[in-house]
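Each chain is listed here by its residues.
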Amino acid sequence: MTDMPNHTTPHNSLLKQDARTVKRNRAETRFKAYGIAAISAGMLMLLILLSTIIGRGTGAFQQTFLTLDVQLLEAKLDKNGNRDLEEIKKVSTFGYAPLMAAAMEAKVAQAGIVTDLKPKELEDILSKDAAAKLRDFVLENTDLIGTSVEFRFLTNSRVDGYVKGRVTRESIANDKNINVAQLDLVDALRADGALEKRFNLAFITGADASDARPEAAGMGVSMIGSLFMMLVVLALALPIGVAASIYLEEFAPKNWITDIIEVNISNLAAVPSIVFGILGLAVFINYMHLPNSAPLVGGLVLTLMTLPTIIISTRASLKSVPPSIRDAALGVGASKMQSVFHHVLPLAAPGILTGTIIGLAQALGETAPLLLIGMVGFIASNPPDGIASGLMDPNSAMPAQIYEWAKRADPAFYERAWGGIIILLVFLVTMNAIAVMLRRRFERRW
Amino acid sequence: MGNFLNVAPTTLLVIVVLILTALAFFMARNRAMAAASGDARKLHSLPNYYGYNAAMMTAIPALFVLAIWLFVQPMLIQNSVISLIPQAAVSEGSSVNLVMSDVRRVANGLTTAVDAGALTADAARDISTANTDIRSLLAESGVALGSEVTAEVLNAAQRYRSMQATGQWLMTAAICAISLIGLFIAMRATTATFRARNLVERFMLALLMIAASLAILTTVGIVFSMLFESINFFSLHPWQDFFLGDKWSPNFRGDSDLSILPLLWGTIYISIIALLVAVPIGLFAAIYLSEYANSKVRAVAKPLLEILAGIPTIVYGLFALLTVGPFLVDLFGRGENGILGVDWMSGATSVLTAGLVMGIMLIPFVSSLSDDIINAVPQSMRDGSFGLGATHSETIRQVVIPAALPGIVGAILLAASRAIGETMIVVLGAGAIARISANPLEAMTTITTRIVSQLTGDTDFASPETLVAFALGLTLFVLTLGLNVVALYIVRKYREQYE
């Protein structure tokens, strides 16, 4: 034990790292940085996406209006003076145009604006929809005929774009719909205070409009279409999905048929949505002759699409109910069926509900299958007047309406498409928030 | 109007059956209680089960027969009426089916006329073409007919009407009888010892089974609906051109080149770019979240990333078309005015546009699947590696990733299947020109885009240009299904290793 170990200087010390350790530590830092970079990249994408949506979409909720004092001349609107609605209805929008023209000229004169525009050009800064809106207003308030009313007219989408900064004096060089003199008029009217940007409820509640009138287009009717589709999905997918899950989780014997069903469901969850659209077209429309573009058909297709999602989440929540609950029920004399329906199902209900809401949210945002069953390409102009017509009459749906606007040529529709996305996302966020709240509130750890 | 009358008696019949059902429930329950002299403990089942059983017996067979009847009756009537139409009445260039639809129209027209009061029921049965102008008579009550009504057609139509009326009566009588017999049997069976609950539960189990097999039915529906139309397509268009040709140029006057290869190329090219974006970002994000991040970062970053998965694809499509596309044009196009000063890109739609945006969409898909898989690697393997002196990153690269590799490959395959089947992003972002080219700045088109464009607008289900969509759909279905099956197989097999 007298031999002393040969003291040599160690290759590396704790105080001074050798080259290799430095290299390895650098690699470590680098690797970690990649991870942080990846996360930040993901966050950045999310940020860009959301800021684009909000930045470009909020404009759609505001619209430029021009307030004019309109003389509702009895001589023009109700010649006989008996306020008979049928007779007033006979006056078409052309009958209202002169009233608007007169109001426009009066406004220009009163504000002291000097312009060499012709009356027709003056009127062109208003929306092509303006006369129809005025007519609707008069038909609802026939007692106002013969008086002067202050009416807020929608302006043309180019004027709206100019006020919002989308249209500039340079960009309209080749535009036949508006000229520089009209923009001068707009500036003058803005200075006067008659022309202003304000909140536009019609975008949320109104119907779609034709290509020439982007300023009048709204999401309301397609929202109702989506609502009816979701009702169909809820009415079919929830009971069928829950029944299927109960069978598979509680009753199914372990055999090849059950295996096939299970593999089938997990594969169906991954089938591209457009394939469900083809199925809907072939089976519901071509074979069963259900009407094209009907929310009922859309709902059926989305039901088939949502079923796997609901089944998977329902099975998970049935599985999380401990066997002791079932055993206790069986022990006091309940049948298997009673133990499931009286005890397991109520305990699993919050989880099932959460899964269903998430499935519905998915279905609400789905577009591709709706294109194939014809829920695009036409103008959904009137809200349905009952449950049957809501289900069977052609309608659009929120995502289909957004697609429709994105396909149109006029850039004024793009703003509305982004605005539509904001509305759609508000619905999705609300549904998901409800699902999260339900989970937080009712989640039980056994 | 005629349609309305066909439906209304049936609806009425259903309502009658439902009323009988409700009645059966209460009657049977009361009878059971009476049989036990008011003491439910003496019954085999709870009183309600006797009611359910009677309701079931009253409603199910009746409604089942009703459904079959409604399906079979029109066919039987059609067959017997067709035999009334002599071969001579089928004019040149027409077919029995066309004459049959004439017959149906006249029959419905007569019904409408009777409803409108233009004809009495007897007159509708007895009029003949010899003394009346049927066409103008029907026109008066608002039924427009395309051509003059021949004696044979009128005769067949009258026969059609009388058979339909008879059928209606027979059906009403039969369904009511079945319903009542069911009610009667159930009431007879309702005694204190009757095992009502067992019967009801067996019925419920059958319902549950039917619900579960609906999944299979959907798959069968998908396969068959596409298979039949695809077979139609291949009988109109050579399969060699579809699978092996190199051109896609549908032409609605016929004689089009319909080859899947250019579409497949576009699909795969876009998917590859999407995966090039999604896999590195998603994988590194998953590694960071599962290996480095503390629970606070995890709790914030993971749900935020998953928001990307919850955004509807139409939003990504719009983002591609209106934001990413124009940005790429600013970057790679516009010549001197562009950011790079080059002129390689002209339109906003391109493979790169669609691929990049699809990549963003797939990030959370790759990251959350990989996250699960990396978390499933046992801690002991990491501890072993640390014990040998490896740094954290060396452990991840040399131990964790190799162990998780099969699962990660599975996740990537699942993401690829998503990318191939994605529709809205490519419809808005990829363009409509079918070509095989390596330039990612050019517009190309994909299988899903062509399905949408061939099946929207005016479609004619007898032309190969429309039917090709079904063949494309079937290919897409097989492709994604194959990828899924392989991916799930790999993932499952891997999971079993550590369980």
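**Concerning the overall build of chain A**
- Scanning chain A from terminus to terminus reveals 19 helices and three strands.
- Scaling as 2.2 N^0.38, a compact globule of 446 residues should have a C-alpha radius of gyration of about 22 Å, whereas chain A reaches 32 Å, well beyond that.
- With respect to the principal axes defined by its C-alpha atoms, chain A has extents near 120 × 75 × 40 Å.
- Counting across all 446 residues of chain A, residues that qualify as buried make up 49%.
- Approximately 21700 Å² of chain A is accessible, and the part contributed by carbon and sulfur atoms is 60%.
- The centroid of the 42 positive side-chain charges in chain A is displaced by 10 Å from the centroid of its 41 negative side-chain charges.

**A closer look at the packing of helix α18 (residues 398–407) of chain A against helix α19 (residues 412–442) of chain A**
Residue and element names in this part refer to chain A.
- It is the contact of α18 with α19, at a shortest axis distance of 8 Å, that shows an interaxial angle of 165°. With respect to each other, α18 and α19 are oriented roughly antiparallel. Of the two possible hands of crossing, α18 and α19 adopt the one that is left-handed. Judged by residue contacts, Met398, Pro399, Ile402, Trp405 and Ala406 of α18 engage Phe413, Tyr414, Arg416, Ala417, Gly420, Ile421, Ile423, Leu424 and Phe427 from α19.
- Broken down by class, the residue content of the contact of α18 with α19 amounts to 12 nonpolar, one polar and one charged.

**Remarks on the interface of chain B and chain A**
- Each partner contributes residues to the interface: chain B has 73 residues there, and chain A has 69 residues.
- The contact between chain B and chain A buries some 6200 Å² in all, and 80% of this surface belongs to carbon and sulfur atoms.
- Sorting the residues of chain B by area buried against chain A places B:Leu208, B:Leu318 and B:Leu322 first, and these three jointly supply 10% of that buried surface.
- In this structure, B:Glu394 and A:Arg24 form a salt bridge, with 2.8 Å as the shortest nitrogen-oxygen distance.
- Counting only elements with at least two residues in the side of chain B that touches chain A, the list comes to α7 (196–236), α9 (261–292), α10 (295–310), α11 (313–332), α14 (392–421), α15 (424–429), α16 (447–455) and α17 (464–498) of chain B.
- At 17 residues, α7(B) tops the list of elements feeding residues into the side of chain B that touches chain A.
- Looking at the side of chain B that touches chain A, its residues break down into 51 nonpolar, 18 polar and four charged.

**Brief notes about the packing of aromatic side chains**
All names here are of chain A.
- A full pass over the atoms with the stated rule returns 19 aromatic pairs over all chains.
- Centroid distance Phe61 to Phe203: 5.3 Å. Interplanar angle 90°. Geometry classified as edge-to-face. Placement of the pair is Phe61 in the loop between α1 (19–57) and β1 (62–71) and Phe203 in helix α9 (residues 202–205), with a sequence separation of 142 residues.
- We classify Phe61 as buried; its relative accessible area is 14%.
- Judged by its relative accessible area of 0%, Phe203 is buried.
- Over the ring of Phe251 we find Lys336; its NZ or CZ atom is 5.9 Å from the centre of that ring.
- In this structure, Arg441 packs its charged tip against the face of Phe442, placed 5.1 Å from the ring centre.

**So, the domain arrangement of chain B**
- The domain architecture assigned to chain B consists of domain 1 (2–194) and domain 2 (243–498).
- For domain 1 of chain B versus domain 2 of chain B, the distance between C-alpha centres works out to 54 Å.

**Some words on a nonpolar patch on the surface**
Residue and element names in this part refer to chain B.
- Judged by side-chain polarity, Phe64, Ile68, Phe71, Val72, Met75 and Leu76 come together as a nonpolar surface patch covering roughly 610 Å² of accessible area.
- With respect to the helices and strands, Ile68 occurs in helix α2 (residues 47–82).
- Using a relative accessible area of 43% as the deciding quantity, one classes Ile68 as partly exposed.

**Some points on the confidence of the model for chain B**
- Counting all residues, the mean pLDDT for chain B is 85, and 92% of those residues have values of 70 or more.
- Note on residues 1–6 of chain B: pLDDT under 50 across the span, and six contacts to partners over four residues away in sequence or across chains.

**Examining the packing of α1(A) against α11(B)**
- The geometry of α1(A) relative to α11(B) is characterised by a closest axis approach of 11 Å and an angle of 75° between their N-to-C directions. What the angle tells us is that α1(A) and α11(B) run roughly perpendicular. Counted together, A:Ile48, A:Leu49, A:Thr52, A:Ile53 and A:Arg56 of α1(A) and B:Val315, B:Tyr316, B:Phe319, B:Leu322 and B:Thr323 of α11(B) form the full contact between these two elements.
- Residue classes in the contact of α1(A) with α11(B) are distributed as seven nonpolar, two polar and one charged.

**Quick notes on helix α7 (residues 157–164) of chain A**
Residues and elements named next belong to chain A.
- The buried fraction of α7 is high, at seven of eight residues.
- Buried residues of α7: Ser157, Arg158, Val159, Asp160, Gly161, Tyr162 and Val163, and no others.
- Those residues of α7 hidden inside the fold are in contact with β1, α8 (180–192), β3 (195–199) and α19.
- Backbone nitrogen of Arg158 and a side-chain oxygen of the N-cap are separated by 3.0 Å at the start of α7; the cap is Asn156.
- Directly after α7, the chain includes Gly165, whose backbone phi takes a positive value near 90°.

**Observations regarding the sheet that holds β1(A)**
All names here are of chain A.
- What the three strands build is an open sheet, ordered β2-β1-β3; its pairing is antiparallel. At either margin of the open sheet sits one strand with a lone partner, and together these are β2 (148–154) and β3. Each strand axis lies, on average, 40° off the axis of its neighbour in the sheet, ignoring direction.
- Pairing of β1 with β2 involves seven bridges; the strand directions are antiparallel. Residue Gln71 lies in a different strand from β2, and its bridge partner there is Ser148.

**Describing the pattern of salt bridges**
Residues and elements named next belong to chain A.
- Under the definition given, this model contains 26 salt bridges over all chains.
- With a shortest N-O distance of 2.3 Å, Arg213 and Asp129 are connected by a salt bridge. Residue Arg213 is found in the loop between α9 and α10 (220–251), and its partner Asp129 is found in the loop between α5 (119–123) and α6 (130–140); the two are separated by 84 residues along the sequence.
- Take Arg213: its relative accessible area is 22%, and that puts it in the partly exposed class.

**Let's talk about the side chain of B:Asp241**
Residues and elements named next belong to chain B.
- As for its placement among the helices and strands, Asp241 is situated in helix α8 (residues 239–244).
- Polar side-chain contacts of Asp241 include one of 2.7 Å to the side chain of His237.
- With sequence-adjacent residues up to four places away left out, Asp241 is seen in contact with Ser256, Asp257, Leu258 and Ser259.

**Digging into a positive patch on the surface**
- A cluster of basic side chains, namely A:Arg20, A:Lys23, A:Arg26, A:Arg30 and B:Arg397, defines a positive patch on the protein surface.
- Residue contributions to the positive patch peak at four residues, all from α1(A).
- Examined against the element boundaries, A:Arg20 turns out to sit in helix α1.
- The exposed category is assigned to A:Arg20, whose relative accessible area is 59%.

**Looking at empty space enclosed by the protein**
- Under the criterion given, the structure shown has three cavities of 30 Å³ or more.
- Considered as a void within the structure, the largest cavity measures approximately 50 Å³ in volume.
- What lines the largest cavity is A:Ile265, A:Leu268, A:Leu304, A:Leu307, A:Pro308, A:Ile311, B:Ala211, B:Ala212, B:Leu214, B:Ala215 and B:Thr218.
- The element best represented in the lining of the largest cavity is α7(B), accounting for five residues.
- Taken together, the residues that form the lining of the largest cavity break down as 10 nonpolar, one polar and no charged.
- A volume near 40 Å³ is recorded for the second largest cavity.
- Considering the residues around the second largest cavity, the lining is formed by B:Ala286, B:Leu289, B:Lys302, B:Leu305, B:Glu306, B:Ser367, B:Ser368 and B:Asp371.

Conventions and cut-offs
- Residues numbered from 1 in each chain as written.
- Chains lettered and ligands numbered in written order.
- Predicted model: local features only at pLDDT ≥ 70, side-chain atom pairs only at ≥ 80, totals over all residues.
- Heavy atoms only, no water.
- Helix = DSSP H or I, 4+ residues; strand = E, 2+ residues; numbered from the N terminus.
- Rg over C-alpha atoms; globule rule 2.2 N^0.38 Å.
- Buried < 20%, exposed > 50% of the residue type's maximum accessible area, 1.4 Å probe, protein only.
- Areas by Shrake-Rupley, 256 points an atom, 1.4 Å probe, with all protein chains shown as cover.
- Lys, Arg positive; Asp, Glu negative; His and termini not counted.
- Charge placed at Lys NZ, Arg CZ, Asp CG, Glu CD.
- Axes fitted to C-alpha atoms, helices over the stretch in contact; angles between N-to-C directions.
- Parallel < 35°, antiparallel > 145°, perpendicular 65-115°, else oblique.
- Left-handed = near helix turned anticlockwise from the far one by under 90°.
- Contact = heavy atoms within 4.5 Å.
- Nonpolar A, V, L, I, M, F, W, Y, C, P; charged D, E, K, R; others polar.
- Buried area = accessible area lost by both parts, 1.4 Å probe.
- Salt bridge = Lys/Arg side-chain N within 4 Å of Asp/Glu carboxyl O.
- Phe/Tyr/Trp six-rings, centres within 6.5 Å; stacked < 30°, edge-to-face > 60°.
- Lys NZ or Arg CZ within 6 Å of the ring centre and 35° of its normal.
- Domains from an automatic or database assignment.
- Patch = residues over 30% accessible without salt bridge, like charges linked within 9 Å, V, L, I, M, F, W, Y side chains within 5 Å.
- pLDDT = per-residue confidence, 0-100.
- Polar contact = N/O pair within 3.5 Å; in protein donor to acceptor, adjacent residues only side chain to side chain.
- Pairing = 2+ DSSP bridges.
- 1 Å grid on protein atoms, 1.4 Å probe; cavity = no way out; pocket = protein on both sides within 12 Å on 5 of 7 lines; lining within 4 Å.
- Points joined across faces, edges and corners; volume = space filled by probe spheres on them.

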